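As a plain string of letters, each chain reads:
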Amino acid sequence: MPKEPLIQPVAETAAEPQPAPPPEPPVVHHAPRPSLFIVHITPEMAPIAKIGGLADVVFGLSRELAIRGNHVEIILPKYDNLRYDQIFDLQPVYNDLWVPWYDGAIHCTVYFGFVHDRKCFFIEPHSHDNFFNRGSIYGFPDDVFRYAFFSRAAIEFLWQSGKHPDIIHCHDWQTALVPVFLYEFYQSLGMTHPRVCMTIHNFKHQGVTGAELLRATGLHQPERFFDWVRMGDNHHKNAINLLKGGIVYSNFVTTVSPRYAFETKDQGQGFGLESTLHTHHMKYGGVVNGIDYDVWNPEVDRYIPVNYGLGNLDDKYENKRALRQRLMLADNDKPIVAFIGRLDPQKGLDLVRHAIFTTLERGAQFVLLGSSPDQGINNDFWGLKHMLNDSPDCHLEIGFDEDLSHLIYAGADIMLVPSQFEPCGLTQLIALRYGTVPVVRTVGGLADTVFDKDHSDRPLHQRNGYRFDDYDVPGLESALIRAIDCYYQYPEHFRELMKNAMNADYSWNHPGQDYLNIYDFIRDR
Ligand code: ADP
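This text gives an overview of the structure that appears in the document.

Reading guide: rules and limits
- What you see as residue numbers is a count from 1 along each chain, following the sequence as written.
- For this predicted model, a pLDDT threshold of at least 70 governs which residues receive local features, and a threshold of 80 or more governs which side-chain atom pairs are given and counted, while totals over whole chains, interfaces and linings are taken from all residues.
- Only hydrogens and water are removed before side-chain values are computed, so all heavy atoms of the structure are retained for them.
- In plain words, nonpolar cores are sets of buried Ala, Val, Leu, Ile, Met, Phe, Trp, Tyr and Cys residues tied together by side-chain atoms within 4.5 Å.
- The rule is simple: take the accessible area with a 1.4 Å probe, protein chains only, and divide by the maximum for that residue type; under 20% is buried, over 50% is exposed, in between is partly exposed.
- Numbering of helices and strands starts at the N terminus; helices are DSSP runs of H or I of at least 4 residues and strands are runs of E of at least 2.
- Two residues form a contact once any of their heavy atoms are found within 4.5 Å.
- Between any two strands, at least two bridges found by DSSP are needed for them to pair.
- Working convention: axes come from line fits to C-alpha atoms, limited for helices to the stretch in contact. Angles between N-to-C directions cover 0 to 180 degrees.
- Charge counting treats Lys and Arg as positive and Asp and Glu as negative, with His and both chain ends excluded.
- Salt bridges are defined as contacts in which a side-chain nitrogen from Lys or Arg sits within 4 Å of a carboxyl oxygen from Asp or Glu.
- For each structure, a 1 Å grid was placed over the protein atoms alone; sets of points admitting a 1.4 Å probe that cannot get out are labelled cavities, open sets with protein on both sides within 12 Å along at least five of seven lines are labelled pockets, and lining residues have an atom within 4 Å of a point.
- Grid points are joined across faces, edges and corners, and a volume is the space filled by probe spheres set on the points.
- Polar here means any residue other than Ala, Val, Leu, Ile, Met, Phe, Trp, Tyr, Cys and Pro, which are nonpolar, and Asp, Glu, Lys and Arg, which are charged; Gly is therefore polar.

A look at the nonpolar core
Counting 79 residues, the largest nonpolar core has Met45, Ile75, Phe122, Leu177 and Phe203 as its most contacted members. The element that contributes the greatest number of residues to this core is helix H2 (residues 143-160), accounting for eleven residues. Those residues in contact with Ile75, other than ones at most four positions away along the chain, are Val39, His40, Ile41, Thr42, Phe121, Ile123, Phe150, Ala154, Phe157 and Leu158. Of all hydrophobic cores here, the second largest spans 74 residues; its members include Val256, Leu351, Val450 and Tyr506.

Structure (C-alpha cells):
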C-alpha cells in the first residue's frame with residue numbers, strides 16, 4: 001500500500017506576501033479495506049436471548065461491523081424461550097443438517113431470521129436430549145454437553161452449507177470448542193480459510209469436564225486432549241477445560257478491557273488460566289466494549305418519558321420524577337443512587353447491601369434492580385426489601401426488567417458498581433451516556449472507563465465519576481459519600497461531571513475498529 005503523507009505539503013506561493021490562509025484540516029487517507037465475511041457463534045444475543053453483557057456485545061458489535069461494509073452473520077441455538085416477537089421472517093433454510101455426536105449423528109434444522117437487521121441462523125436439534133427446549137438458557141447439569149453440541153453443529157453447518165467465512169468470532173467457554181473442531185477436523189477436510197477470534201467475557205466460567213465429552217464430540221484421543229499444552233485443565237489432572245482449549249486453538253483471544261486482560265494474566269484473576277495466558281500472550285489483548293447508541297441513548301430512548309441530551313439536560317429530572325412515581329418514592333430534593341445488575345457475588349453484593357444503608361443515612365434515595373438464578377440470594381434481597389418496605393426513599397426491584405432499567409439509567413443521579421471483579425461492565429458505560437454519575441471500584445473495565453473527580457491523572461474534562469480501590473466498607477464509603485456530598489454541596493461540579501460523562505464516546509465506533517484490526521492481523525498469518 002503506498003504511503004500517503006497525512007498532511008498535504010504546502011504548495012509553492014507567489015513572491016507577493018499573502019495573508020496566511022486558515023489552516024486546512026489534515027487530510028487523512030483511509031486505504032480501502034476489503035470487506036470481510038464474519039460469523040459470530042454465540043450462546044446469547046440481545047434482545048432475543050440475554051443473560052448478561054455478552055448478549056449486548058454481540059448485538060452491538062455485529063451491527064458496527066456490518067455498518068463498516070462487512071458481511072456479518074450470527075449463529076445461535078434455537079432456544080424455546082427466544083424473544084420470537086423480535087425475530088423477523090423466521091423460517092427453516094436448511095433441513096438436513098446431521099451433526100456427529102457419540103457414534104452417530106443428530107438431525108438438526110437450521111432457521112434464518114432477522115433480529116433488528118442482523119442476519120441470524122438458529123440451530124434446532126431433534127433429539128431426546130432436548131438441548132435447547134428447557135425454558136431457560138443456562139443452569140442445567142449437562143450445560144457443557146449442550147454447548148459442545150451447539151459448537152459442533154455451528155461449524156458443521158458452515159461446512160455443509162459451503163460457507164467459508166474470513167473470520168469466525170466465538171464467545172466464552174460455550175463456543176470455545178469451535179476452533180478446536182476447526183483445526184482438529186475441518187481443516188483436513190479443506191476448511192483452511194477461516195481464522196478464529198475468541199472473546200472471553202468472564203473467566204469465571206470455563207466449562208471444565210471429564211473424558212466423556214471427548215467421546216461425545218469425537219475428539220477420540222484422550223492423551224492428546226488431556227495434554228497440558230492443549231485442553232488439560234491446569235489444576236485438575238483428570239479434567240479438560242474448554243475455555244483453555246479455545247485459548248490454545250484460536251488465532252487471537254480478546255477479553256473485554258485492557259485492564260482485565262492484565263488482571264487475568266498477571267494479577268491472579270484468570271481463575272487458573274494465568275499460565276495459559278502467559279504462554280499465549282502474543283495473541284491476547286483487551287478491547288473495551290461499546291454500547292449500542294441506538295438502544296442506549298437518552299436523546300431517542302423510547303422507554304423513557306422525556307428524551308434529553310446535553311442541550312436540555314434539565315429534562316433528565318422529568319425522568320427522575322417518573323421513576324419516583326413508578327417506584328412510589330418520595331418526591332424531594334434528594335439524589336437517587338441506583339444499582340442494576342445480576343445479583344452475583346461478583347457484583348459486590350455485600351457492599352451493595354451496605355451502600356443501601358449508607359445512602360439512606362446520608363440523606364439520599366436508593367433504587368436496586370437485580371435478580372439471581374440462586375434462590376438463596378434472591379431470598380436475602382427479598383428479606384432486605386421487606387425490611388425497608390416502609391422507607392419512602394428506597395425501592396428494591398427483584399427481577400429482570402429491561403424497560404425499567406432504561407428509566408433507572410435516565411432517572412437516577414448516581415450509579416453504583418462496586419464489583420469484586422468486572423471484566424468490562426456495561427452498567428457504568430450506559431450510566432455515563434445518561435449523565436448518571438458512576439461510583440465504581442477500580443477494577444477491570446471500570447478502571448478503564450471511569451476517572452475519579454478528585455484523584456486522577458486525567459485532565460478535568462475527562463473526569464466522569466468516583467472510584468475506590470479497596471474492596472471494603474471504608475473504600476466504598478470514601479467514594480459514595482464524596483458523590484452524595486458533591487451533589488448537595490457543589491451542584492455545579494456535579495453537573496460538570498454529568499456533562500463530562502455524556503461527552504465521552506463509548507459507542508462501538510472505536511472497539512469496532514479495534515476488532516477489525518485484530519481480524520486483519522490474524523488474516524495475514
Ligand atoms: P454482566 O455481563 O456481568 O451481567 P454487564 O455490566 O456487562 O454485566 O452487563 C449487564 C447488562 O445487563 C446491562 O445491560 C444491564 O443493564 C443489564 N441488566 C442486568 N441486570 C438486569 C436486570 N435485573 N434487569 C434489567 N437489566 C439488567
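Remarks on the sheet that holds strand E5 (residues 118-126)
Read across the sheet, nine strands follow the order E3-E4-E5-E2-E1-E6-E7-E10-E11 without closing on themselves; strand pairing throughout is mixed. With partners counted over all chains shown, the strands left at the sheet margins are strand E3 (88-101) and strand E11 (284-286), one partner each. Across the sheet, the mean angle separating the axes of adjacent strands is 25° when strand polarity is ignored. Where strand E7 (residues 195-200) meets strand E10 (residues 252-255), four bridges bridge the pair, whose relative direction is parallel. Counted as the bridge partner of Cys197 is Phe252 from E10. Helix H7 (residues 258-266) contacts E10 and E11 of the sheet and is inclined by roughly 135° relative to E11. In this fold helix H17 (residues 509-523) packs onto strand E1 (37-41), strand E6 (167-171), E7 and E10, with an angle of close to 140° to the strand it touches most, E7.

Structural notes on the side chain of Asp172
Along the chain, Asp172 turns up in the loop between E6 and helix H3 (177-186). An unpaired buried charge is present at Asp172: no salt bridge exists, and Arg342, the closest side chain of opposite charge, is 9.1 Å distant. Beyond its immediate chain neighbours, meaning those up to four positions away, Asp172 contacts Leu54, Met198, Thr199, Ile200, His201, Asn202 and Leu243.

Comments concerning empty space enclosed by the protein
Once rolled over the atoms, a probe with the size of a water molecule shows which space is left empty. Tallied over the full model, the rule gives one cavity of 30 Å³ or more. Its volume calculated, the largest cavity comes out at about 40 Å³. If you go around the largest cavity, the residues you meet are Lys78, Glu124, Pro125, Asn130, Phe131, Phe132 and Asn133. Of the residues in the lining of the largest cavity, the class split is three nonpolar, two polar and two charged.

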